[in-house]
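Read off the chains here:
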Protein chains: 2
Amino acid sequence: MNLSKPIARPSLHEELVDRVRELIIEGELEPGTKIPEKELCENFGVSRTPMREALKVLANEGLAVLEPNRGAWVSTVTMEELEETFPVLAALERLGGELACVNGTDTQIAFVRERHDDMVRHFKARDRQPYFKANQDIHDGILRAAANPVLSQHHRVLASRAKRARFLANISDARWSQAVDEHEDIIAALEARDGVKLGQILSEHLMNKFAALKERVDG
Amino acid sequence: MNLSKPIARPSLHEELVDRVRELIIEGELEPGTKIPEKELCENFGVSRTPMREALKVLANEGLAVLEPNRGAWVSTVTMEELEETFPVLAALERLGGELACVNGTDTQIAFVRERHDDMVRHFKARDRQPYFKANQDIHDGILRAAANPVLSQHHRVLASRAKRARFLANISDARWSQAVDEHEDIIAALEARDGVKLGQILSEHLMNKFAALKERVDG
DNA sequence: TGACTGGATTATGAATTCATAATTCTTTAT
DNA sequence: ATAAAGAATTATGAATTCATAATCCAGTCA
């Protein structure tokens, strides 16, 4: 008989936080628009109480904005906000790289290598979707190898804000191949367990990505 | 007639988040103990709804833990958690130092200098409370000079977790004077606007503080 | 026509109510 | 006396209700 864990029934509000967060990140609820509280309650089949609890949490994460007596709105993604977010995210990426080289298991590093090779294949075939997926897995894998839940949590919150800049996906060919080059350095530093170097590359990698984004927007 | 801002009446839950957060940080609600929801409601004169909303937010910040059907508890401060928190905080401190040198106004830097001189005076007089206050003001001042709200917010959340390690205040004489020495380097780098150096010192300063803490605990 | 007023409608914030899970207390059996 | 079972109590999670603020809309007047 397995006593290891009680039956976990996550409370409604927790479930709602995840679901609504996903709606915002995926853009189904568009930045700047009103969050249709009633409609969401009906769709999810819950009352307003847990939904409002969830909205408060999302507001605290910066994905929603609560206007007193006027309801909840999806926070806007401004360039100004991205200018603030990316450097912080880069700082956390750097730490993630440093820690991954110290704490990562060989298995974890091997996994990142696998996904790296996959990614390069997808790049050569110019398969965007699988490329982005592999790319995501690589960065997630490094963060997991860093083995620091506090770091992961804060990274997740910030990444969710950054991810909402839809145009991030509109990558130019020049930037795309530059990114792949950078990834060669990333995997090399990781396998050499050169933490300082990996951290630096990851940080620069992200800031380059941001620079490319800016060029697209106001260039 | 002043139309610049509408009458801001913060909602109950926001007020409660701040108040209860303070209770937890200041240790009035002790780590590991149950949060007396009903009692708090009575003390603050509010119903359970806004209080529960606040508790969800605090749980999301890591200050409380919600156990399904068993209520809210003040999260414990374990050495393991601190081992995870401090490096992240150090990474943010580093960024804060770098940005302060770029974005800080001369006035802001002059303010930090003032508080630095105050702090040194308090150190010489061995006045602990004013020393800690000046120290706090210095670090807050640098962060404000960095002018990055996203950074500030995440720093605040992490600092609140670290701050709960009460024994941080039990500083040894040796560590105390070492800390003051480090602060001389901090103010020098800030006034020279040497961001890389300031970031590095701030990061090391914090990790030294943590090392001293660890020595006290398991040394 | 177009701006203003005041009532009707709706949405929001918060209190209250309700069903159920957890805990405590009492009783019973060994 | 102790342990187990079951009833009573309490606390929790969520739905509902209620007061009020915001919005909408028709009617009025310039």
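Our subject in this report is the structure included herewith. (Residues numbered from 1 in each chain as written. Chains lettered and ligands numbered in written order. Predicted model: local features only at pLDDT ≥ 70, side-chain atom pairs only at ≥ 80, totals over all residues. Heavy atoms only, no water.)

Let us now look at the interface of chain A and chain B. Contact residues are listed per partner, giving 27 residues for chain A and 27 residues for chain B. Buried area between chain A and chain B, both sides added, is near 2,500 Å², and the carbon and sulfur share of it is 61%. When the buried surface of chain A facing chain B is broken down by residue, Asn60(A), Val150(A) and His154(A) rank first, second and third, together holding 22% of it. On the surface where chain A and chain B come into contact, there are two salt bridges. Inspection of the region where chain A meets chain B yields seven residue pairs in polar contact (both at pLDDT 80 or more). Counting only elements with at least two residues in the side of chain A that touches chain B, the list comes to helix H3 (48-61), helix H4 (79-103) and helix H7 (149-163) of chain A. In terms of residue count, the dominant contributor to the side of chain A that touches chain B is H7(A) (eight residues). Across the side of chain A that touches chain B, the residue classes tally to 13 nonpolar, seven polar and seven charged. (Contact = heavy atoms within 4.5 Å. Buried area = accessible area lost by both parts, 1.4 Å probe. Salt bridge = Lys/Arg side-chain N within 4 Å of Asp/Glu carboxyl O. Polar contact = N/O pair within 3.5 Å; in protein donor to acceptor, adjacent residues only side chain to side chain. Helix = DSSP H or I, 4+ residues; strand = E, 2+ residues; numbered from the N terminus. Nonpolar A, V, L, I, M, F, W, Y, C, P; charged D, E, K, R; others polar.)

Here we come to the pattern of salt bridges. All names here are of chain A. Under the defined criterion, the tally for this structure stands at 34 salt bridges over all chains. The partner of Arg161 in a salt bridge is Glu81, with the nearest N and O atoms 3.0 Å apart. Here Glu81 lies in helix H4 and Arg161 lies in helix H7, a separation of 80 residues in the sequence. Owing to a relative accessible area of 11%, Glu81 belongs among the buried residues under this scheme. A salt bridge links Glu83 to Lys214; the nearest nitrogen and oxygen atoms lie 3.5 Å apart. Placement of Glu83 in helix H4 and of Lys214 in helix H9 (residues 195-218) is noted, with a sequence separation of 131 residues between them. Overall, Glu83 belongs to the partly exposed group, its relative accessible area being 35%. (Buried < 20%, exposed > 50% of the residue type's maximum accessible area, 1.4 Å probe, protein only.)

Moving on to the protein's contact with DNA strand D. The local shell around DNA strand D holds 18 residues, among which Ser47(A), Thr49(A), Arg70(A), Lys34(B) and Arg52(B) are the closest. Take Ser47(A): an N or O atom from its side chain is 2.3 Å from a phosphate oxygen of DNA strand D. Within the side chain of Arg48(B), an N or O atom sits 3.0 Å from a base nitrogen of DNA strand D. Listing elements by their share of the surface near DNA strand D, those giving two or more residues are H3 of chain A together with helix H3 (48-61) of chain B. Residue contributions to the surface near DNA strand D peak at three residues, all from H3(A). For the surface near DNA strand D, the class distribution of residues is four nonpolar, six polar and eight charged. (Near = heavy atom within 4 Å.)

Before going further, it helps to examine the relation of the copies chain A and chain B. Screw-axis analysis of chain A against chain B gives a translation of 0.0 Å along the axis, an RMSD of 0.0 Å, and a rotation angle of 180°. The transformation just described matches what one would write down for a two-fold rotation axis. In this assembly the copies share their binding face: 100% of the residues contributing to the interface of chain A also contribute to that of chain B. (Least-squares fit on C-alpha atoms with pLDDT ≥ 70 in both.)

Below, the discussion takes up the packing of helix H5 (residues 106-124) of chain B against helix H8 (residues 173-191) of chain B. Residues and elements named next belong to chain B. Interhelical geometry of H5 versus H8 gives an angle of 160° and a closest axis separation of 11 Å. By the angle class used here, H5 and H8 are roughly antiparallel. The element H5 and its partner H8 pack so that their crossing is left-handed. Along its contact with H5, which presents Ile109, Val112, Arg113, His116, Met119, Val120 and Phe123, the element H8 presents Trp176, Ser177, Val180, His183, Glu184, Ile187, Leu190 and Glu191. Here the residues of the contact of H5 with H8 are counted per class, giving nine nonpolar, three polar and three charged. (Axes fitted to C-alpha atoms, helices over the stretch in contact; angles between N-to-C directions. Parallel < 35°, antiparallel > 145°, perpendicular 65-115°, else oblique. Left-handed = near helix turned anticlockwise from the far one by under 90°.)

Taken together, 17 residues lie near DNA strand C, and Lys34(A), Arg52(A), Ser47(B), Thr49(B) and Arg70(B) sit nearest. Backbone atoms, meaning sugar plus phosphate, form 71% of the atoms of DNA strand C positioned within 4 Å of the protein. Between Lys34(A) and DNA strand C, the recorded distance is 2.5 Å, taken from a side-chain N or O atom to a phosphate oxygen. A distance of 3.3 Å is found between a phosphate oxygen of DNA strand C and a backbone nitrogen or oxygen belonging to Asn69(A). When residues of the surface near DNA strand C are traced back to their parent elements, those giving at least two are H3 of chain A together with H3 of chain B. In terms of residue class, the surface near DNA strand C is made up of four nonpolar, six polar and seven charged.

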